[in-house]
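# Structure at a glance
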Amino acid sequence: MSGLVRVYIACSLDGFIAGPGDDLSWLPQPAELGGDVTGYDSFMRGVGALLLGRRTYTVVRGFGGAWPYGDRPTLIATHRPLQDAPPTVRAVSGEIAELVASALAAAGGRDVYLDGGELIRQALDAGLIDDLTVTLVPAVLGSGFPLFAGVTRRHFLRTESTRQLPGGLVQLRLVPAAMAGDSSPTL
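Residues numbered from 1 in each chain as written. Predicted model: local features only at pLDDT ≥ 70, side-chain atom pairs only at ≥ 80, totals over all residues. Heavy atoms only, no water.

### Digging into the pattern of salt bridges
- A complete count under the given rule lists seven salt bridges for this structure.
- The shortest N-O distance in the salt bridge between Arg 173 and Glu 160 comes to 3.8 Å. Placement of Arg 173 in strand E10 (residues 170-176) and of Glu 160 in strand E9 (residues 157-164) is noted, with a sequence separation of 13 residues between them.
- Overall, Arg 173 belongs to the partly exposed group, its relative accessible area being 28%.
- Residue classification places Glu 160 among the partly exposed residues on the basis of a relative accessible area of 36%. (Salt bridge = Lys/Arg side-chain N within 4 Å of Asp/Glu carboxyl O. Helix = DSSP H or I, 4+ residues; strand = E, 2+ residues; numbered from the N terminus. Buried < 20%, exposed > 50% of the residue type's maximum accessible area, 1.4 Å probe, protein only.)

### Quick notes on the nonpolar core
- If you look at the biggest cluster of nonpolar residues, it comprises 26 residues, and the most contacted ones within it are Leu 51, Leu 114 and Ile 129.
- Going through the elements one at a time, strand E1 (5-12), strand E3 (47-53), strand E4 (74-77), helix H4 (96-107), strand E6 (111-115), helix H5 (117-125) and strand E7 (131-137) are the ones with two or more residues in this core.
- When residues of this core are assigned to their parent elements, the largest contribution, five residues, is made by H4.
- If sequence neighbours within four positions are ignored, Leu 114 has contacts with Val 5, Arg 6, Val 7, Tyr 8, Leu 51, Leu 119, Ile 120, Ala 123 and Ile 129.
- Core analysis: the next-biggest nonpolar cluster, separate from the first, contains 14 residues, Phe 43, Leu 50, Val 60 and Ile 76 among them. (Core = buried A, V, L, I, M, F, W, Y, C linked by side-chain atoms within 4.5 Å. Contact = heavy atoms within 4.5 Å.)

### Overview of the layout of surface pockets
- Computed from the structure, the largest pocket encloses a volume of approximately 1,400 Å³.
- Lining the largest pocket are 48 residues; nearest its centre among them are Ile 9, Leu 24, Leu 27, Tyr 113 and Asp 115.
- A breakdown of the residues in the lining of the largest pocket according to their chemical character gives 26 nonpolar, 14 polar and eight charged. (1 Å grid on protein atoms, 1.4 Å probe; cavity = no way out; pocket = protein on both sides within 12 Å on 5 of 7 lines; lining within 4 Å. Points joined across faces, edges and corners; volume = space filled by probe spheres on them. Nonpolar A, V, L, I, M, F, W, Y, C, P; charged D, E, K, R; others polar.)

### Some words on the packing of aromatic side chains
- Applying the stated criterion to the full structure yields seven aromatic pairs.
- Ring geometry for Trp 67 versus Tyr 69: centroids 5.2 Å apart, planes at 80 degrees, classification edge-to-face. Just as Trp 67 is buried, Tyr 69 falls in that class too.
- Measuring from ring centre to ring centre gives 6.4 Å for Tyr 69 and Tyr 113, while their planes differ by 90 degrees; the resulting arrangement is edge-to-face. You can see Tyr 69 sitting in the loop between helix H3 (54-62) and E4 and its partner Tyr 113 sitting in strand E6, a full 44 residues away along the chain.
- Put simply, the rings of Tyr 8, Tyr 40, Phe 43, Tyr 57, Trp 67, Tyr 69 and Tyr 113 pair up and form one aromatic cluster. (Phe/Tyr/Trp six-rings, centres within 6.5 Å; stacked < 30°, edge-to-face > 60°.)

### Re the pairing of E7
- Taking burial as the measure, the seven residues of E7 include six buried ones, the bulk of the element.
- In the sheet, E1 pairs with E7 via seven bridges, with the strands oriented parallel. Each bridged residue has a counterpart across the sheet, and for Ser 12 the counterpart in E7 is Val 137.
- In terms of strand pairing, E7 meets E10 through five bridges, oriented antiparallel. (Pairing = 2+ DSSP bridges.)

So far we have only geometry, and geometry alone does not tell us how the molecule works.
Structure follows, in structure tokens:
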């Protein structure tokens, strides 16, 4: 059995995953919310490997401290060498379908956590994402790095569930309509 390709991300109401200069100061911290109310820890228990964009990797490394993904294989989509990478991290390059296939192989039948705006857009356009958990943060940034702006075609998603979380957050679990067997949204 093959794992799923999953996105788990937060974005502002105006669709940004980071502000200018990779600013993440607008994101609430887990301690502010009161534990794992977003379900991230549960999500990560099913993850066998990660596929991250280079910018996302650089931001995470900039947090300092221990590598937050432990011993999970982590593939970084980049054409540049990685300096001082944790032992479980390796650089990969190629078309998005090749990258996802490599990540699925590394996951050993478990799920792949796909992160990074450009990778998410490419995988969505290629029909390679099985589900997306998007947590909307009640903040308007005005500019920054978009989650979906830049996809090459229109995508319809079916809402599987919604949850209201502390701090005014709203979490959506979405499935691409094509994956759900739908050809267009039900309005």
